[in-house]
Amino acid sequence: MAVPVGVLAMRSSSTAPGLNMSMPDGVIVVPILADFLQYRSGQRRKRNIDPAILPPLNRTFMFVADLKGIARCLILCCSLLLIPLQAADWVIEPVDPGGIGRYSSLRIDNDGNAHVSYVVGEQLRYGFWDHVQKKWFTMPVDSSADFCSLALDSKQRPHISYADFGTVSGCRLKYAHWDGSRWKREAIPLTSDVIGYYTSIALDATDKPSISFYEYRGPKGSDFVLRLRLVSWTGNYWEVRTVDGTTSSGKFNSMAIDPQGQLRLAYANVNAMNAGT
């Protein structure tokens, strides 16, 4: 049976039992195995689940762990949820009860407001939590989207990268940002035949975006498939580069900019059909 898989990072002084990952001090990353997952007597038990598999989700699954390392699995079926970590427990609240939220990306601005992008069905949506009103506001951004990634600029305005839904010929990489009064959207001009699934966005010190993406299929007539690429806005045009041209590179990519302004990328090299190594 296909099983959704994901991860949740939380800060704790304890170590999750059965976890075998190298992480910074105080950070644990726990796989979410939605079919079956329990921690008992320090042992992780799972049933016929490949942690690399990530099929389309038909439910929203989130994992909750308390500060003593005791874990429990919550199956949340009908809405996107935000779970902020407080002193001793998680507080769970709905963001958008109107649909099943997938591929969420969250940022907190300098005023303590929350910004989240996510996909409901094929629609890209955006949620804003006002820290004064203690209330969520949501809106559509685009009618076709798959994975998405969100960043905030120096004015605390959201910028979102995303790919068209699916992997048919013509699926494009897209970019949307809020200019203070409305969303501005564009399809980034690329020669790629299909841009699919994974993308990540980061902004430099002058708010210029760079977007990493998974090129599912390169220009028509070429042999380029399944590679990690990057576009950066120069102020006049989008500059495109290949980060890793090795076939099957680029899944699960995540990008950040360090204090020196250098881009840093984490990603996987996996088989396209089953996400196996």
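These numbers were taken from a predicted model, which means no experiment stands behind them. (Residues numbered from 1 in each chain as written. Predicted model: local features only at pLDDT ≥ 70, side-chain atom pairs only at ≥ 80, totals over all residues. Heavy atoms only, no water.)

### Concerning the pairing of strand S19 (residues 225-233)
So, step 1. Of all nine residues in S19, seven are buried; the element is thus mostly enclosed.
So, step 2. As paired strands, strand S18 (residues 209-217) and S19 are joined by seven bridges and run antiparallel to one another. Bridging across to S19, Tyr214 finds its partner in Leu228.
So, step 3. In this structure, S19 lies alongside strand S20 (residues 238-244), joined through six bridges in antiparallel fashion. From the neighbouring strand, Trp233 faces S20, where its bridge partner is Trp238.
So, step 4. Following S19, the chain reverses through four residues before pairing antiparallel with S20; Gly235 in that reversal takes a positive phi of roughly 110°. (Buried < 20%, exposed > 50% of the residue type's maximum accessible area, 1.4 Å probe, protein only. Helix = DSSP H or I, 4+ residues; strand = E, 2+ residues; numbered from the N terminus. Pairing = 2+ DSSP bridges.)

### Digging into the packing of aromatic side chains
So, step 1. Going through the model one piece at a time under the given rule, you end up with 12 aromatic pairs.
So, step 2. Note on Tyr214 and Tyr216: the rings are 6.4 Å apart at their centroids and 70° apart in plane angle, and the pair reads as edge-to-face. Of the two residues, Tyr214 and Tyr216, neither departs from the other in class, the shared state being buried.
So, step 3. Joined through ring pairs, the aromatic side chains of Tyr103, Phe147, Tyr197, Tyr198, Tyr214, Tyr216 and Phe252 make up one cluster. (Phe/Tyr/Trp six-rings, centres within 6.5 Å; stacked < 30°, edge-to-face > 60°.)

Worth remembering: the numbers are spatial, not functional.
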